[in-house]
Amino acid sequence: MVRETQAGDRAAWPALFAAWLAALAASLGAIFIGEVMGQAPCVLCWFQRAFMFPLAITLAIAAFRSDRHVVPYGLALAAGGWLVALYHLLLYVGFIPAPIVPCDGGPSCSGESMSVAGVPLPLLSLAAFSAILGLLLIFQRRLKS
């Protein structure tokens, strides 16, 4: 019985490591877009960064310390970022009307500058948060099996 549990644990860790890599790639991508490409982040982008950057740190520590208790914290951060990214994407595509737009100063949350190579930044953010959520759920399921 002990060997089965250890084998299940070993099968779970690649999902946590992949979640960390996704958070790291998204964080480094956000820094690259802002600092190297010179695109200033809008208000909603800042909120998404506020969820993604701690995820990259938290998941790194958990992955390298084999901390199975990271799931609730990771899911909470990823879900919060996912909701902001979804709102931003709906605003970007015009589904949300202008009167409730939170961007009153700085770059527009729905302007042309909110895309890289034709792909909207809110969509990239939503995809990253979705991947992290999925990988954390896989990690949790594999730990239980």
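For the structure, see preceding data.
All values derive from a computational prediction rather than experimental measurement.

Novice: What am I meant to see in the packing of aromatic side chains here?
Specialist: The relative placement of two aromatic rings is captured by the distance of their centres and the angle of their planes. Overall, the coordinates contain four aromatic pairs when judged by the stated rule. Aromatic pair tryptophan 20 and phenylalanine 64: ring centres 5.3 Å apart, planes at 80°, arrangement edge-to-face. You can see tryptophan 20 sitting in helix H1 (residues 2-36) and its partner phenylalanine 64 sitting in helix H2 (residues 43-65), a full 44 residues away along the chain. On the basis of relative accessibility, which here comes to 58%, the residue phenylalanine 64 falls in the exposed class. Cluster of aromatic residues (ring-pair linked, three or more members): Phe17, Trp20 and Phe64. The lysine or arginine in question, arginine 49, covers the ring of tryptophan 46, its NZ or CZ lying 5.0 Å from the ring centre.

Novice: I'm lost on helix H3 (residues 71-92) in this one. Help?
Specialist: An α-helical turn contains 3.6 residues, so a residue and the one three or four places further along point in the same direction. Over its 22 residues, H3 runs 30 Å from end to end, which matches the ideal 32 Å to within 8%, given 1.5 Å per residue. All of the buried residues in H3 are Val71, Gly74, Leu75, Ala78, Gly80, Gly81, Val84, Ala85, His88, Leu89 and Leu91. As for H3, its buried residues are in contact with H2 and helix H4 (121-144). Where H3 ends, the next residue or the one after it, glycine 94, has phi of about 90°, a positive value.

Novice: I'm lost on the nonpolar core in this one. Help?
Specialist: Buried together is how nonpolar side chains tend to be arranged in soluble globular proteins. One finds Leu16, Leu55, Leu59, Ile132 and Phe139 to be the most contacted residues of the largest nonpolar core, which totals 28 residues. Considering each element in turn, this core owes the most residues, eight residues, to H4. Among residues more than four places away in sequence, those in contact with phenylalanine 139 are Ala12, Trp13, Ala15, Leu16, Arg68 and Val71.

Novice: Help me understand the side chain of arginine 49 in this model?
Specialist: Summarising the element assignment, arginine 49 is placed in helix H2. Glutamate 35 provides the closest opposite charge to the buried, salt-bridge-free arginine 49, at an N-O distance of 5.7 Å. Leaving out residues up to four positions away in the same chain, arginine 49 has contacts with Ala30, Ile31, Gly34, Pro41 and Pro54.

Novice: Hey, could you run me through the state of the cysteines in this one?
Specialist: Covalently bonding the sulfur atom of one cysteine to the sulfur atom of another cysteine gives a disulfide. Here the structure, examined in full by the defined rule, presents zero disulfides. Not engaged in a disulfide, the cysteine cysteine 45 finds its nearest cysteine sulfur in cysteine 42; these two sulfurs lie 3.5 Å apart.

Novice: How do you make sense of the layout of surface pockets when you look at a structure like this?
Specialist: Where empty space is left becomes clear once a probe the size of a water molecule has been rolled over the atoms. Of the volumes computed, that of the largest pocket is approximately 370 Å³. Together, 20 residues line the largest pocket, and Ala26, Ala30, Ile33, Leu121 and Ser125 are the ones closest to its centre. Broken down by secondary-structure element, the contributors of at least two residues to the lining of the largest pocket are H1, H2 and H4. Broken down by element, the residue count for the lining of the largest pocket peaks at six residues, all from H4. Tallied by class, residues from the lining of the largest pocket come to 14 nonpolar, five polar and one charged.

Novice: Please clarify how H2 should be interpreted in this entry.
Specialist: Taking 1.5 Å of rise per residue, 23 residues should cover 33 Å, and H2 covers 34 Å from first to last C-alpha, within 8% of that figure. Leu44, Cys45, Gln48, Arg49, Met52, Leu55, Ala56, Leu59, Ala60, Ala62 and Ala63 are the residues of H2 that are buried. Just downstream of H2, serine 66 is the residue with a positive phi angle, here 55°.

What counts, and where the lines are drawn
Residues numbered from 1 in each chain as written. Predicted model: local features only at pLDDT ≥ 70, side-chain atom pairs only at ≥ 80, totals over all residues. Heavy atoms only, no water. Phe/Tyr/Trp six-rings, centres within 6.5 Å; stacked < 30°, edge-to-face > 60°. Helix = DSSP H or I, 4+ residues; strand = E, 2+ residues; numbered from the N terminus. Buried < 20%, exposed > 50% of the residue type's maximum accessible area, 1.4 Å probe, protein only. Lys NZ or Arg CZ within 6 Å of the ring centre and 35° of its normal. Expected span 1.5 Å × (residues − 1). Contact = heavy atoms within 4.5 Å. Core = buried A, V, L, I, M, F, W, Y, C linked by side-chain atoms within 4.5 Å. Lys, Arg positive; Asp, Glu negative; His and termini not counted. Salt bridge = Lys/Arg side-chain N within 4 Å of Asp/Glu carboxyl O. Disulfide = S-S within 2.5 Å. 1 Å grid on protein atoms, 1.4 Å probe; cavity = no way out; pocket = protein on both sides within 12 Å on 5 of 7 lines; lining within 4 Å. Points joined across faces, edges and corners; volume = space filled by probe spheres on them. Nonpolar A, V, L, I, M, F, W, Y, C, P; charged D, E, K, R; others polar.

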